[in-house]
Structure formats: C-alpha cells, structure tokens
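So the chains spell out like this:
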Amino acid sequence: MNPKIKTIIIDDEPRGLNVLEHFCAKQSEHIELIASSLSAVQSVSLINQLQPELLIMDIQMPQMSAFDVLNNTSYQDFEVIFCTAHNAYALKAFEYSAVDYLLKPIDEDHFNKAIQKVIQKRLSKDTAERFSILLHNISRLNNPATMKLCIHDSKGFTVVYLSEIIYCEADSSYTIFCLENGKKIISAKTLSEYESILDSNYFIRIHRSYLININHVKEYKKGEGGFVLMSNKAEIEISRRKKDEFLFRMKNIISSF
C-alpha cells in the first residue's frame, strides 16, 4: 500500500476551506492532511516548514495570489491542485503544465478524480520538472504563445514550446506532433483532446486528422477545400467544411499586421 500523501490546503474563505477539509477526510485512505490555512501569507512558511507532497489551494486570495505563494516558497517539490471560479488564461497554463484544477463550486467526484491523478503522477517522479514548467507558464499568462506544453507519451511526457509545434496529426487514438526541428513525438492522447487544450487563437482544426499552428502557415493553395503549405514544407489538405473558418482566421491574422 502506498504511503498517504502529505497535504496542505489553502483557501481564504472558511466555507471553501471546510469543503476541502471534508473531501480530504473522505479520502483519508490516500491523504494525510498536515495543515490547512485561511492565509496565503501564512501558507508560505507552512509549506517551507512541513514540506507537503500535495498543495490544494484557491487562486484569488487577499495579499497574495496562489501564484505569489508558489513563487515565494523555497520548498517546491510537491503536486498542486488549484481551485478557481474562472480564469481562462490560468486554466491553459495548468493544462499545458499537466497540473490539475477544480472549478468552484467544487464537485466531490471531480475532487476524487484529481486525487487519483496525483497518485498516478507521484509514480512518475517528475514533480520538480512539472513544477518548473508550471512556474514558467504562470509567468507568461499574458502571452500564451510563449508557454510550454507537456506532451504525454508512453514514457511520461516531453516538454516543448507552443511555438515549436508546426502541426498535430491524428493516428487512430494517438496524436503525432511535428516540430520545427524535424522531430516527431507520439502522444497517447487523441487529437480531439489536444484541440480542446491548445489555444484556439493559435491552433485550428482544418481536417479531422490535422490541427495546425496558424503561425506556421506559409501558403494557401485553392481547391475544393484547398491545401496549406506549412513551414516544414508539409502540404496538408483542408476539409471542405473547414475551409471558410480557416480563410476567416487567416484574414484576421493578416489584417492585424
């Protein structure tokens, strides 16, 4: 049996903290709640002193946000589950970094699933690397194009900049990432999953088998649906039903220069 996960929870709202404490108690088989705090400022010293394996924390708090807390802790070898009401850019940062989040009001089933994900992630022993990626992405919330993405593969994950991705290709239930340096990475996730994660301002599905980075489009060739020539000289077909959306997006990009 795996040892219990040493956990600290932080939420400036007493009701929110009570809910998290209640859910943690019901997960006592897996979680050892070592501290809870209503103060983001106090939580910094708690984290450094108690060295948790999991931090469950609200994002928007007085005096310090969750991001401020993470940037001020000297101890950083833990998993993080964020609790938030809304913040689209932040959600992208979490998804790109393979970090879990819970939308408020928190659903117990979603909480339990997040804990199960943490249990699986602890087996991969790459917590420090994911934490580093998370801090990188949080620092770039206002510029998603410069964020990094954890691409899940059979061995764990590979980290790339979004700008390095030329296109993604569906291969049955897998996704093939084609990168600027010519490298290809095969992910165990489907293309539809990546379509939901990757920022639609930069990535567009032009075919059931292709999701492209519009910043890597070099040429459009007319046809029933047409074709795009990508920066790596790959020629990719555009499905007829995706043609209008693609042309509209490209016109918006051109007009912004």
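What this report covers is the structure whose coordinates are included nearby. Counting from 1, residues in each chain are numbered in the order their sequence is written. Two thresholds apply to this predicted model, a pLDDT of at least 70 for residue-level local features and 80 or more for giving and counting side-chain atom pairs, whereas whole-chain, interface and lining totals are computed over all residues. Only hydrogens and water are set aside when side-chain values are computed; all heavy atoms of the structure are taken into account.

**Focus: the environment of Ala98**
Step number 1: The secondary structure listing takes helices from DSSP runs of H or I that are at least 4 residues long and strands from runs of E that are at least 2 residues long, numbered from the N terminus. With respect to the element layout, Ala98 can be found in the loop between α4 (88-96) and β5 (100-103).
Step number 2: As for Ala98 and Val69, which are separated by 29 residues in sequence, their C-alpha atoms are 19 Å apart.
Step number 3: Between two residues, a contact is recorded if the distance between any of their heavy atoms is within 4.5 Å. Those residues in contact with Ala98 that lie beyond four places of it in its chain are Lys121, Arg130, Cys150 and His152.

**Overview of the pattern of salt bridges**
Step number 1: The salt bridge criterion pairs a side-chain nitrogen of Lys or Arg with a carboxyl oxygen of Asp or Glu, the two atoms within 4 Å. Counted according to the given criterion, the structure contains 11 salt bridges.
Step number 2: Across the pair Glu224 and Arg240 runs a salt bridge whose closest N-O atoms are separated by 2.9 Å. One end of the pair, Glu224, is in the loop between β13 (217-221) and β14 (227-230); the other, Arg240, is in the loop between β15 (235-237) and α8 (243-255), and 16 residues separate them in sequence. Taken individually, Glu224 and Arg240 each receive the classification exposed, so the pair is uniform in this respect.
Step number 3: Lys242 is the salt-bridge partner of Glu245, the closest N and O atoms lying 3.9 Å from each other.
Step number 4: On the accessibility criterion, Glu245 (39% relative accessible area) is partly exposed.
Step number 5: One network of salt bridges, with partners in common, ties together Asp11, Asp58 and Lys104. Burial classes: relative accessible area under 20% of the type maximum marks a residue as buried, over 50% as exposed, and values in between as partly exposed (1.4 Å probe, protein chains only).

**Comments concerning the sheet that holds β14**
Step number 1: Two strands qualify as a pair provided DSSP detects at least 2 bridges between them. Here we have three strands laid out as an open sheet, ordered β13-β14-β15, and antiparallel in their pairing. The open sheet has two edge strands, β13 and β15, and neither has a second partner. The sheet shows a mean angle of 25 degrees between the axes of neighbouring strands, taken without regard to direction.
Step number 2: Looking at chain direction, β13 and β14 are connected through four bridges and run antiparallel. Bridging from a neighbouring strand, Glu219 pairs with Leu229 of β14. Whenever a helix is involved, its axis is fitted only over the stretch in contact; in every case the axis is a line through C-alpha atoms, and angles between N-to-C directions fall within 0 to 180 degrees.

**Let's talk about helix α1 (residues 14-26)**
Step number 1: Taking 1.5 Å per residue, 13 residues should reach 18 Å; α1 reaches 18 Å between its end C-alpha atoms and fits that length.
Step number 2: Where α1 is concerned, the buried positions are Gly16, Leu17, Leu20, Phe23 and Cys24. Taken around the axis of α1, the buried residues stretch over an arc of 130 degrees, which confines them to a single face. Exposed residues on α1 whose side chains face more than 90 degrees from its buried face are Arg15 and Lys26.
Step number 3: Those residues of α1 hidden inside the fold are in contact with β1 (5-10), β2 (31-37), β3 (54-58), β4 (79-84) and α5 (108-124). Any helix carries an expected span of 1.5 Å times its number of residues minus one. Note that the arc is defined by the directions from the helix axis to the C-beta atoms.

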